[in-house]
Amino acid sequence: MKLKIAVLPGDGIGPEIMQQGVAVMKAIASKFNHDFSFEEGLVGACAIDAVGDPYPENTHKLCMESDAVLFAAVGSLKYDNDPTAPVRPETGLLAMRKKLGLFANIRPVATFDCLLHKSPLKDELIKGADFIVIRELTGGMYFGEKYQDNDKAFDTDIYTRPEIERILKVGFEYAMKRKKHLTVVDKANVLASSRLWRQIAKEMEPQYHEVTTDYMFIDNASMRVLTEPRFFDVIVTENTFGDILTDETSCITGSMGLQPSSSLGLHTPLFEPVHGSWPQAAGQNLANPLAQILSAAMLLEHFELKEEGALIREAVDASLAANVRTPEIQVEGGAHYGTREVGKWIVDYIL
């Protein structure tokens, strides 16, 4: 297969983990005789510093002309520590999602048996947990009308029927492919926007009569993903709730460095780790590249390259079993492996 991949390393640890993700994809291309091409673009703080725009038009053009986008992370202490900055790296991420029409963020949550001890949760709670969180990505408070002065600020949590229907459709369809259980997470007891979500979900239920659909307030869901993670199969929720909930699920996997994701919608699909840019660790060869590498697996699987994706997952499992791990998930007394060493081990396994 021939694929053109837009590569957006971004900021902080982004370039380091991206290097490993691309290396793994090149190894797959070599082994399976695919033709993958890679072209880098600027996004985030590095783009602001270079051209004054966190998502430059050249980067958008590259993304639109590519078959897929492999993205790492944006964010910089320079901007985090300056709340008055007129332009922020994260603005580029939001602009990219909006311009590419990436309305559905798919975040799988699963445990690795050899890493259960790394979770702050009890083994018996999380063993066997395997669910997907589908987060609406281009609506809600992140994109609604905003205002701020010295004494008052507001963010508008606005959703329209078409926006809600299309993300719920994704949720129902994923549930049909899995265990036929969908949980709609909202705050319908307080928020009007959530009440519209619940109304539309109930209208759509009869179209998917094989799916068991339940509804859960976000505060209850935040508790139950940690106390009863095996209850869930597919969760669908709005932008803000999904952002918080999917970070919380890192407690199940034991590290945010193990969670990949895809963002799908109207134009080029995007694949990225769920963690941030961790600027404090940039350049230190400490960052876990597995989420980036697993995002590459999701990219391949999106194009029905299932054997290729499975081999990447097998290589990741093998690296964990062999204790080839970055420091935050290494066993006590285990050898030190950095970002580059873990990536090279996985490449060697594939080849």
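1. Considering the pairing of strand 11 (residues 260–264)
Then comes step 1: Among the five residues in strand 11, five count as buried, and that is most of the element.
Then comes step 2: Across the two faces of strand 11 the burial is the same, with P260, S262 and L264 and S261 and S263 all buried.
Then comes step 3: As paired elements, strand 4 (residues 104–110) and strand 11 share three bridges and run antiparallel to each other. Residue pairing across strands places A104 opposite L264, the latter belonging to strand 11.
Then comes step 4: Note: strand 11 against strand 12 (residues 270–273), four bridges, orientation antiparallel.

2. Re the environment of F38
Then comes step 1: Locating F38 in the fold gives a position in strand 2 (residues 35–40).
Then comes step 2: Each C-alpha atom, one on F38 and one on M96, is 18 Å from the other, the two residues being 58 residues apart in sequence.
Then comes step 3: With sequence-adjacent residues up to four places away left out, F38 is seen in contact with I5, V7, V22, M25 and K26.

3. As for empty space enclosed by the protein
Then comes step 1: If you walk through the whole model with that rule in mind, you get one cavity of 30 Å³ or more.
Then comes step 2: Within this model, the largest cavity holds a volume of roughly 30 Å³.
Then comes step 3: Lining the largest cavity, in full, are Y159, V185, D186, S193, S194, W197 and E238.
Then comes step 4: Elements represented by at least two residues in the lining of the largest cavity include exactly strand 8 (181–186) and helix 8 (192–204).
Then comes step 5: Within the lining of the largest cavity, the residues separate by chemical class into three nonpolar, two polar and two charged.

4. Observations concerning the sheet that holds strand 12
Then comes step 1: The strand order across the open sheet formed by 10 strands is 2-1-3-12-11-4-5-10-8-9, and the pairing between neighbours is mixed. Every interior strand has two partners, whereas the edge strands, strand 2 and strand 9 (212–217), have only one. Each strand axis lies, on average, 25° off the axis of its neighbour in the sheet, ignoring direction.
Then comes step 2: Of the strand pairs in this sheet, strand 1 (residues 2–10) and strand 3 (residues 68–73) are connected by five bridges, and their pairing is parallel. The partner of I5 across the bridge, within strand 3, is A68.
Then comes step 3: In the packing of helix 8 onto the sheet, contacts are made with strand 5 (130–136), strand 8, strand 9 and strand 10 (234–237), and the angle to strand 9 comes to roughly 170°.

5. Structural notes on helix 10 (residues 239–248)
Then comes step 1: With seven of 10 residues buried, helix 10 is to be regarded as a mostly interior element.
Then comes step 2: Along helix 10, the positions that sit buried rather than exposed are N239, T240, F241, G242, L245, T246 and E248.
Then comes step 3: Its side-chain oxygen at 2.8 Å from the backbone nitrogen of T240, E238 defines the N-terminal cap of helix 10.

6. Quick notes on the side chain of R135
Then comes step 1: With respect to the helices and strands, R135 occurs in strand 5.
Then comes step 2: Polar contacts involving the side chain of R135 include one to the side chain of N239, which spans 2.8 Å.
Then comes step 3: Each residue touching R135, except ones within four places of it in the same chain, is listed here: R97, F103, A104, N105, R107, Y142, I167, T237, E238, N239, G242 and D243.

7. Thoughts on the nonpolar core
Then comes step 1: Ranked by size, the top nonpolar core spans 43 residues in total, and within it L290, L299, I312, V316, I346 and I350 carry the most contacts.
Then comes step 2: Broken down by secondary-structure element, the contributors of at least two residues to this core are strand 1, helix 1 (14–32), strand 3, helix 12 (290–302), helix 13 (306–321) and helix 14 (339–350).
Then comes step 3: Setting aside residues up to four positions removed in sequence, V316 forms contacts with F112, L290, I293, L294 and I346.
Then comes step 4: Residues A104, I106, A201 and V211 belong to the second largest nonpolar core, which totals 25 residues.

8. A closer look at the packing of helix 1 against helix 14
Then comes step 1: Where helix 1 contacts helix 14, the two axes come as close as 9 Å, and the packing angle between them is 10°. It follows from the interaxial angle that helix 1 and helix 14 lie roughly parallel. When helix 1 is examined against helix 14, the residues E16, I17, Q20, A23, V24, A27, I28 and K31 are found in contact with a partner set consisting of T339, R340, G343, K344, I346, V347 and I350.

9. Quick word on helix 3 (residues 57–65)
Because an α-helix completes one turn every 3.6 residues, residues spaced three or four positions apart along the sequence face the same direction.
Then comes step 1: Taken together, the buried positions of helix 3 are occupied by T59, H60, L62 and C63. Buried positions in helix 3, seen along its axis, are confined to an arc of 160° and lie on one side of it. Among the exposed residues of helix 3, those pointing more than 90 degrees away from its buried face are E57 and N58.
Then comes step 2: On its buried face, helix 3 is in contact with strand 1, strand 2, strand 3 and helix 5 (89–100).

10. A look at the packing of aromatic side chains
Given two aromatic rings, their pairing is described by the distance between the two centres and the angle made by the two planes.
Then comes step 1: Tallied over the entire structure, the rule returns six aromatic pairs.
Then comes step 2: Summarising the aromatic geometry, the rings of F131 and F232 are spaced 5.8 Å apart at their centres and angled 50° between planes, so their arrangement reads as tilted. In this pair, F131 is assigned in strand 5 and F232 in the loop between helix 9 (218–227) and strand 10, connecting sequence segments 101 residues apart. Both residues of the pair, F131 and F232, count as buried.
Then comes step 3: For the ring pair Y147 and F154, a centre distance of 5.7 Å and an interplane angle of 25° mean the geometry is stacked.
Then comes step 4: An aromatic cluster of at least three residues, connected via ring pairs, comprises F131, F231 and F232.
Then comes step 5: The ring of F143 carries the charged tip of K98 above its face, separated from the ring centre by 4.8 Å.
Then comes step 6: Directly above the ring of F231 sits R224, whose terminal nitrogen or CZ lies 4.4 Å from the centroid.

Thresholds applied
- Residues numbered from 1 in each chain as written.
- Predicted model: local features only at pLDDT ≥ 70, side-chain atom pairs only at ≥ 80, totals over all residues.
- Heavy atoms only, no water.
- Buried < 20%, exposed > 50% of the residue type's maximum accessible area, 1.4 Å probe, protein only.
- Helix = DSSP H or I, 4+ residues; strand = E, 2+ residues; numbered from the N terminus.
- Pairing = 2+ DSSP bridges.
- Contact = heavy atoms within 4.5 Å.
- 1 Å grid on protein atoms, 1.4 Å probe; cavity = no way out; pocket = protein on both sides within 12 Å on 5 of 7 lines; lining within 4 Å.
- Points joined across faces, edges and corners; volume = space filled by probe spheres on them.
- Nonpolar A, V, L, I, M, F, W, Y, C, P; charged D, E, K, R; others polar.
- Axes fitted to C-alpha atoms, helices over the stretch in contact; angles between N-to-C directions.
- Polar contact = N/O pair within 3.5 Å; in protein donor to acceptor, adjacent residues only side chain to side chain.
- Core = buried A, V, L, I, M, F, W, Y, C linked by side-chain atoms within 4.5 Å.
- Parallel < 35°, antiparallel > 145°, perpendicular 65-115°, else oblique.
- Arc of directions from axis to C-beta.
- Phe/Tyr/Trp six-rings, centres within 6.5 Å; stacked < 30°, edge-to-face > 60°.
- Lys NZ or Arg CZ within 6 Å of the ring centre and 35° of its normal.

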